[in-house]
Amino acid sequence: MAFSWTLHGDGNLSGPDDVVAPDERLSWGKTIGLGAQHVVAMFGATFVFPLIMGLNPQLAIMMSGLATIIFLLIVGGRVPSYLGTSASFVGAVAAIRAQEGADSSRVTGAILVAGLVLAIIGVLIHFMGSGVLHRVLPPVVTGAVVMLIGFNLAPVVAGIYWPQDQWVALLTMLFTIICAVAFKGFISRISVFLALIFGTLLSWILDKTAGPITSVLGGATEATEHVRWNTSGIGDAAWFGLPAKTMVGPDGMEVAGWHMPSFNAAAILLVLPAVIALIAENTGHVKAVAEMTGADLDPVMGRAIAGDGVGTAFASFFGGSPTTTYAENIGVMAATRVYSTAAYYVAALVAILFGLSPKFGALVSSIPGGVLGGITVVLYGMIGLLGAKIWKENGVDFGNPINLVPIAAGIIIGIGDVQMKFSDNFTLGGIALGTIVTIAAFHLAKAMAPAELRARHEGAAIAVGDYTYGDQDGVDDLLQEDNPEDFYGHRPK
């Protein structure tokens, strides 16, 4: 049953190696505490990305809680996961907003379609097996798409957020890096959240000591004098209430809130590549949970992907942000060894309560642009490097031209925002064109390559000394006892 958990022992952990399964729970007091911890873990990124995409953070937090409940119901409680705001759509949303006449309804309409596509893919995987996923989107392709999505965002940092306050951005970036590497465990995993607090307080101190700053605010075209942290909207906001409806402010700029989606073919094409990133994220999440719990979760892989798709479509239907599974929450589970889905239901309810506070939404919306600049310069780079992580973990061989040549072309097209104009009303470029080239050119290259290259295009074949590192037997050689050399060519003693 979805809401039935077996009490684990006497409701307490018996030791550091004690494991609480997804269908178990601790005492309700401890479960509520763990649920609150999951909220803190996902908190920073979940409302940062809506701000970056020009969507309402209060609504995003509320919808993340509702989407999490939908996900848990679809997977039957077998996969513990929190669905926070996805970063994979940020680049596409920036491209959509650059279109003439684009608004938030066009953004969320495109995201809704992407969510439905993801849900359909999840259903197909459920019935056809996860093997089809690897054949169509092997790790070399998936890694490339994730990489070009992240690195395509570099101009957003350089052109919008960083210039608003370069010194606050620099110090916030350094604080993020220090928190992430100098501390262990939970502090490290909430480094983005702590950096938000640090940067905002720093902005307030500079406002009091150094006075206003002159810079170009996001969405503006000319530099103006303004305070770094504008809190004027926080005091007037109500403590409790639904998010406001999207409206146009006195300055003619859109103020994001709840709204119904609209649909535009060009916008939809821009966001569809993000579906590949969500597939990779969900697949990695399920595999990570399976490894930690020792459970065979391959049969529920399709359900998990479909659950994220339904959650994304549901959230965007009301003007919310796209969702995905969160690595931050995997970290909490790994640290606590508590995989109970009951804690995730608690986290979802807490998030919904936050989403019912307009004052919370006003507070989040007031975060200075310079602070976002310092955080996004790290986050966007991390998204791109996740692509490299996929390559590394799957031993992709770039000595093989099947992997090297088409992937190289797709990445440069995506990152460089190369444009292909087909007519006056239809142009493909950036992430969308880069993804199409990556997938199509890879399968074309594979089909035309000699049998020898096709036979070894999967798995690594990296020469280190007089040994060839690989994972052709399905297990990374670095993890096998008979490996004569490590990745750097050093023989074990």
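Note that the structure is predicted; figures quoted are calculated from it, not measured.

K.L.:
Give a detailed account of the overall build of the protein, specifying residues and quantitative values.
P.N.:
What the protein contains, in helices and strands, is 20 helices and twelve strands. Looking at the protein as a whole, 51% of its 493 residues qualify as buried. Here the protein has roughly 22,100 Å² of accessible surface; of this, 66% comes from carbon and sulfur atoms.

K.L.:
Which residues make up the confidence of the model for the protein, and what values go with them?
P.N.:
Per-residue pLDDT for the protein averages 77, and the proportion of residues at 70 or more is 81%. At the level of individual helices and strands, the protein shows its lowest average pLDDT in strand β11 (residues 462-464), which scores 35, and its highest in helix α13 (residues 301-317), which scores 92. Note on residues 474-481: pLDDT is under 50 here. Beyond four places in sequence and across chains, it has 16 contacts. Throughout residues 483-493 the model reports pLDDT below 50, and contacts reaching past four residues in sequence, or to other chains, amount to 23 contacts.

K.L.:
Please give an account of the packing of helix α8 (residues 166-182) against helix α17 (residues 369-393) that cites residues and values.
P.N.:
α17 packs onto α8 with a crossing angle of 45° between their chain directions and a minimal axis gap of 7 Å. Regarding the angle of α8 to α17, the classification is oblique. For the crossing formed where α8 meets α17, the hand is right-handed. Only G370, V371, G373, G374, I375, V377 and V378 of α17 make contact with α8, whose side of the interface consists of V168, A169, T172, M173, T176 and I177. Split into classes, the residues belonging to the contact of α8 with α17 amount to eight nonpolar, five polar and no charged.

K.L.:
Residue-level account of helix α19 (residues 430-448), with values.
P.N.:
Between its first and last C-alpha atoms α19 spans 26 Å; for 19 residues at 1.5 Å apiece the expected length is 27 Å, and the two agree. Along α19, the residues that are buried comprise G430, I431, A432, L433, G434, T435, T438 and F442.

K.L.:
Could you give me a rundown of a nonpolar patch on the surface, with the residues and numbers involved?
P.N.:
On the surface, L171, L174, I177, I178, V181 and F183 cluster together into a nonpolar patch covering about 550 Å² of accessible area. Assignment of secondary structure puts L171 in helix α8.

K.L.:
An account of the environment of R135 is requested, with residue identities and associated values reported.
P.N.:
Structurally, R135 is set in helix α5 (residues 131-136). Taking the C-alpha atoms as reference points, R135 and H443, separated by 308 residues in sequence, lie 9.8 Å from one another.

K.L.:
Which residues make up the side chain of D165, and what values do they have?
P.N.:
Topologically, D165 is positioned in the loop between α7 (154-161) and α8. Residue classification places D165 among the buried positions, given a relative accessible area of 7%. Ignoring any residue separated from it by four or fewer positions in sequence, one finds D165 in contact with I213, R228 and G370.

K.L.:
Describe in detail the side chain of N56, supporting the description with residues and values.
P.N.:
For N56, the location among the structural elements is in the loop between α1 (28-53) and α2 (57-74). Owing to a relative accessible area of 11%, N56 belongs among the buried residues under this scheme. Only 3.0 Å separates the side chain of N56 from the backbone nitrogen of Q58, close enough to count as a polar contact. Here the side chain of N56 touches L59 through a polar contact of 2.8 Å, landing on its backbone nitrogen.

K.L.:
How would you sum up the environment of P138? Please name residues and give values.
P.N.:
Mapped onto the secondary structure, P138 falls in the loop between α5 and α6 (139-151). In this structure the C-alpha to C-alpha distance between P138 and V396, which are 258 residues apart in sequence, comes to 9.6 Å. Each residue touching P138, except ones within four places of it in the same chain, is listed here: L133 and F442.

K.L.:
Explain the nonpolar core to me, using residue names and the numbers behind them.
P.N.:
Of all hydrophobic cores here, the largest spans 97 residues; its most connected members are F47, V48, F49, F89, I367, Y380 and W391. Take this core: its biggest share by element is nine residues, from helix α12 (residues 273-293).

K.L.:
Help me get a handle on helix α16 (residues 358-365), residues and values and all.
P.N.:
Within α16, six of the eight residues are buried, which leaves it mostly tucked inside the rest of the structure. Taken together, the buried positions of α16 are P358, K359, F360, G361, A362 and V364.

K.L.:
I'd love a proper account of the packing of helix α10 (residues 191-209) against α17, names of residues and values included.
P.N.:
Where α10 contacts α17, the axes come no closer than 9 Å and their chain directions differ by 155°. When the interaxial angle is binned, α10 and α17 end up roughly antiparallel. You can see that α10 and α17 cross each other, and the crossing is right-handed. For the pair α10 and α17, contact is made by V192, A195, L196, G199, T200 and S203 and by V371, I375 and L379, respectively.

K.L.:
Please give an account of the packing of aromatic side chains that cites residues and values.
P.N.:
To describe a pair of aromatic rings, one takes the distance between the centres and the angle between the planes. As enumerated under the stated definition, the model contains four aromatic pairs in all. Each ring, one from F314 and one from F318, has its centre 5.3 Å from the other, and the planes form 65°; the classification is edge-to-face. Residue F314 is classed as partly exposed on the basis of its relative accessible area, which comes to 30%. Centre to centre, the rings of W391 and F398 are 4.8 Å apart; their planes meet at 75°, and the pair counts as edge-to-face. Through a chain of ring-to-ring contacts, three or more aromatic side chains come together here, namely F314, F317 and F318. A cation over an aromatic ring shows up here: K359 above the ring of W239, its NZ or CZ 5.1 Å from the ring centre.

K.L.:
Any details on the environment of G29? Residues and values, ideally.
P.N.:
With respect to the helices, strands and loops of the structure, G29 is situated in helix α1. On the basis of relative accessible area, G29 is assigned to the exposed category, the value being 57%. With 18 residues separating them along the chain, G29 and G11 place their C-alpha atoms 9.5 Å apart.

Rules used in this analysis
- In this convention, every chain numbers its residues from 1, walking through the sequence in written order.
- Since the coordinates come from a predicted model, pLDDT governs what is reported: local features require at least 70, and pairs of side-chain atoms require 80 or more to be given and counted, while whole-chain, interface and lining totals use all residues.
- Calculation of side-chain values draws on the structure's entire complement of heavy atoms; hydrogens and water are dropped beforehand.
- Helix and strand definitions follow DSSP, with helices as H or I runs of at least four residues and strands as E runs of at least two, each counted in order from the N terminus.
- For every residue, the accessible area obtained with a 1.4 Å probe (protein chains only) is divided by the maximum for its type, and the residue is called buried under 20%, exposed over 50%, and partly exposed between those limits.
- Accessibility throughout is a Shrake-Rupley quantity obtained with a 1.4 Å probe, and a residue counts as covered only by protein chains that appear here.
- For every residue, the predictor assigns a confidence score, pLDDT, that lies between 0 and 100.
- Working rule for contacts: check all heavy atoms of both residues, and any pair within 4.5 Å makes them a contact.
- Axis lines are fitted to C-alpha atoms, over the contacting stretch for helices. Their N-to-C directions set the angle, which ranges from 0 to 180 degrees.
- Roughly parallel means an angle under 35 degrees; roughly antiparallel means over 145; roughly perpendicular covers 65 to 115; every other angle is labelled oblique.
- Two helices crossing with the near one rotated counterclockwise from the far one by less than a right angle form a left-handed crossing, whereas a clockwise rotation gives a right-handed crossing.
- As a working rule, the residues Ala, Val, Leu, Ile, Met, Phe, Trp, Tyr, Cys and Pro are called nonpolar, Asp, Glu, Lys and Arg charged, and the rest polar, with Gly in that last group.
- Between the first and last residue of a helix there are one fewer steps than residues, each counted as 1.5 Å, and that sum is the expected span.
- Note that patches include only residues with greater than 30% relative accessible area and no salt bridge, and the join distances are 9 Å for like charges and 5 Å for nonpolar side chains (Val, Leu, Ile, Met, Phe, Trp, Tyr).
- One speaks of a salt bridge when a side-chain nitrogen belonging to Lys or Arg is within 4 Å of a carboxyl oxygen belonging to Asp or Glu.
- Under this definition, polar contacts are N or O atom pairs within 3.5 Å; protein pairs additionally need one hydrogen-donor-capable and one acceptor-capable atom, and for neighbouring residues in sequence, both atoms have to be side-chain atoms.
- We define the nonpolar core as a collection of buried residues of types Ala, Val, Leu, Ile, Met, Phe, Trp, Tyr and Cys that are connected through side-chain atoms lying within 4.5 Å of one another.
- Any two of the Phe, Tyr and Trp rings considered here, Trp counted by its six-membered ring, make a pair once their centres fall within 6.5 Å; the pair's planes then place it as stacked at under 30 degrees, edge-to-face at over 60, or tilted in between.
- The criterion is that NZ of a Lys, or CZ of an Arg, lies within 6 Å of the ring centre and within 35 degrees of the ring normal, and then a charge sits over that ring.

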